[in-house]
Amino acid sequence: MTREHKVALTFEGADRIDIVCRDDEDVITAALRQGYLLLSDCREGSCSTCRGFLVDGEYDQLLPHSPHALSDAEEDDGLILTCRLRPSSDLEIDFDYPADRVGRYEEGTRNGQIVAIESLSDSVARVMVRTNAAQAPLQWEAGQYAQVTLTTIGVTRAYSMANVCGADRELEFLIRLLPEGRFSGHVAAGTALGEPVRIRGPYGHFTFRGCTNPVFVAGGTGLAPVLAMLRELATKAPATTATLVFGAKTDLDLLCSEELSEIQSVMPYLDVIATVGNPTPVWAGPVGGVTAHLNSVEPSASFYLCGPPGLVSACEAHLTERDVPRGRIHAERFVETREGQQ
């Protein structure tokens, strides 16, 4: 017999939301059923967006999940993935973001159109979306993402904005093109230009925390939210001392070199290290993984990591070994949609 349990969700600033959760559903699903959109992404236990701290209550066992999203040691410390937790008692779960990040179904949706598509490499495209003038422009913080729906084919994917929120109603996305991707394959086929889209958001708490001497680490299209943060710093705090370590498989996969040069022209204390794993014969820059270039960085810095789960986890392990406190490591994992259908 299905039972219901009370679940208290607490947030920064002592705000609280109360829901009920059946013992045959996870907390994210229960919240959605009651109109609350908690921060989440993959809904499969592959990322760590939905992590919270279990203050009180019990559960039998988390549903299957990736150790990249939550390790056994982190679970022993009380951290949980709300998309993987089914309660066996009343619960209290605390999140490290404010309650105003919790969306509601009736809010946060914009209609728009794909107005430009630009090839940045063989595997990445820049897609520009402009929302309708009849609606207020979408507001977001640099580093956040949106759910983007191609309404002609009914496919939705999550992408981080690479630009800073402004009044021009434009959103910039860096999209990895997967051969069998339903969304990205449609973009790669050249048929998406001019098509209508629906934007829901913003979501996510991978945002700049206002620290000094930040170090940004990005791999592949993980550059998108980092690029947005750097663009915002160039506008608001150009004298910031910062480092970007950007990794790619080959030098042909390095993205947005011109954009980064423009930012450096405004931010004289920004050091950009572009490193590649398999350089072509003409590449004369740094080689190797991104962790190889973190040893020269002061461990007292704050770190912002974004990219594939393996890259982020390797960086987290490296920084932990250097005694960087967990509170100064902010991470966002980019997870491919199941069966590669991005």
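Before reading on, note that the structure itself is shown above.
Computed from a predicted model, the values in this text were never measured in an experiment.

Trainee: Just checking my understanding: could you explain the layout of surface pockets for this structure?
Mentor: Empty space left among the atoms is revealed by rolling a probe the size of a water molecule over them. Space inside the second largest pocket adds up to approximately 530 Å³. Around the second largest pocket, the lining comprises 22 residues; the ones closest to its centre are Arg51, Asp96, His205, Arg326 and Ile329. Per-element accounting of the lining of the second largest pocket gives the leading share, five residues, to strand E18 (residues 329–333). Broken down by class, the residue content of the lining of the second largest pocket amounts to six nonpolar, six polar and 10 charged.

Trainee: Is there a simple way to explain the sheet that holds E18 in this structure?
Mentor: Backbone hydrogen bonds are what pair the strands of a sheet, in a parallel or an antiparallel way. An order of E16-E15-E14-E17-E18 is seen for the five strands of this open sheet, with the pairing classed as parallel. Both outer strands of the open sheet, strand E16 (270–276) and E18, are each paired with one neighbouring strand and no more. Direction aside, neighbouring strands of the sheet carry axes that sit 10° apart on average. Bridge count between strand E14 (residues 215–219) and strand E17 (residues 303–307): four bridges; the pairing is parallel.

Trainee: Just checking my understanding: could you explain the environment of Pro309 for this structure?
Mentor: Along the chain, the position of Pro309 falls in helix H6 (residues 309–321). Between the alpha carbons of Pro309 and Thr241 there is a distance of 27 Å; along the sequence they are 68 residues apart. Those residues within four positions of Pro309 in sequence are excluded, and the remaining contacts are His68, Arg333, Phe334 and Val335.

Trainee: Looking at this model, I keep getting lost on the pattern of salt bridges. Mind explaining?
Mentor: Between side chains of opposite charge, a pair can form as their charged atoms come close. A complete count under the given rule lists 15 salt bridges for this structure. The closest approach of N and O atoms between Arg22 and Glu25, which form a salt bridge, is 3.5 Å. The exposure class assigned to Arg22 is partly exposed, which follows from its relative accessible area of 27%. Taking relative accessible area as the criterion, Glu25 reaches 5% and is therefore assigned buried. Residue Glu74 pairs with Arg51 through a salt bridge whose shortest N-O separation is 2.9 Å. Of this pair, Glu74 sits in helix H2 (residues 72–76) while Arg51 sits in strand E4 (residues 51–56), and the two are 23 residues apart along the sequence. Comparing Glu74 with Arg51 shows no difference in burial state: the two are buried. The network of salt bridges with shared partners includes Glu118, Arg126, Glu172, Arg231 and Glu259.

Trainee: Could you clarify how one ought to interpret the sheet that holds strand E1 (residues 4–12) in this entry?
Mentor: Taken in spatial order, the five strands line up as E2-E1-E6-E4-E5 in an open sheet, and their pairing is mixed. Since the sheet does not close on itself, it has two edges, and those belong to strand E2 (16–22) and strand E5 (79–81), each with one partner. Taken over all neighbouring pairs, the strand axes of this sheet differ in orientation by 40° on average, direction set aside. Note that E1 and strand E6 (residues 91–98) share five bridges and pair parallel.

Trainee: Explain a negative patch on the surface to me, please; I cannot follow it from the model alone.
Mentor: A cluster of like negative charges, contributed by Asp56, Glu58, Asp60 and Asp90, occupies part of the molecular surface. On the secondary structure map, Glu58 appears in the loop between E4 and H2.

Trainee: What is the right way to read the pairing of strand E15 (residues 242–248) from this model?
Mentor: Counting buried residues along E15, seven of its seven residues qualify, which places the element largely inside the surrounding structure. Alternating positions in E15 separate into two faces, Ala242, Leu244, Phe246 and Ala248 on one and Thr243, Val245 and Gly247 on the other, with burial throughout. As paired elements, E14 and E15 share five bridges and run parallel to each other. Directly across from Phe216, in E15, lies its bridge partner Leu244. After leaving E15, the chain enters helix H5 (residues 257–266) and then returns to the sheet as E16, a path that is right-handed.

Trainee: Hey, could you run me through the packing of helix H4 (residues 223–236) against H5 in this one?
Mentor: Packed helices, taken two at a time, are described by the angle between their axes plus the distance between the axes. Two numbers describe how H4 lies on H5: the axes approach to 9 Å, and their chain directions differ by 30°. Of the possible angle classes, the one that applies to H4 and H5 is roughly parallel. Note that H4 runs across H5; the crossing there is left-handed. In this structure, H4 uses Leu227, Leu230, Arg231 and Ala234 to contact H5, whose residues at the interface are Glu259, Leu260, Ile263 and Val266. Broken down by class, the residue content of the contact of H4 with H5 amounts to six nonpolar, no polar and two charged.

Cut-offs applied
Residues numbered from 1 in each chain as written. Predicted model: local features only at pLDDT ≥ 70, side-chain atom pairs only at ≥ 80, totals over all residues. Heavy atoms only, no water. 1 Å grid on protein atoms, 1.4 Å probe; cavity = no way out; pocket = protein on both sides within 12 Å on 5 of 7 lines; lining within 4 Å. Points joined across faces, edges and corners; volume = space filled by probe spheres on them. Helix = DSSP H or I, 4+ residues; strand = E, 2+ residues; numbered from the N terminus. Nonpolar A, V, L, I, M, F, W, Y, C, P; charged D, E, K, R; others polar. Pairing = 2+ DSSP bridges. Axes fitted to C-alpha atoms, helices over the stretch in contact; angles between N-to-C directions. Contact = heavy atoms within 4.5 Å. Salt bridge = Lys/Arg side-chain N within 4 Å of Asp/Glu carboxyl O. Buried < 20%, exposed > 50% of the residue type's maximum accessible area, 1.4 Å probe, protein only. Patch = residues over 30% accessible without salt bridge, like charges linked within 9 Å, V, L, I, M, F, W, Y side chains within 5 Å. Areas by Shrake-Rupley, 256 points an atom, 1.4 Å probe, with all protein chains shown as cover. Lys, Arg positive; Asp, Glu negative; His and termini not counted. Charge placed at Lys NZ, Arg CZ, Asp CG, Glu CD. Right-handed = clockwise from strand over helix to strand, strands pointing away. Parallel < 35°, antiparallel > 145°, perpendicular 65-115°, else oblique. Left-handed = near helix turned anticlockwise from the far one by under 90°.

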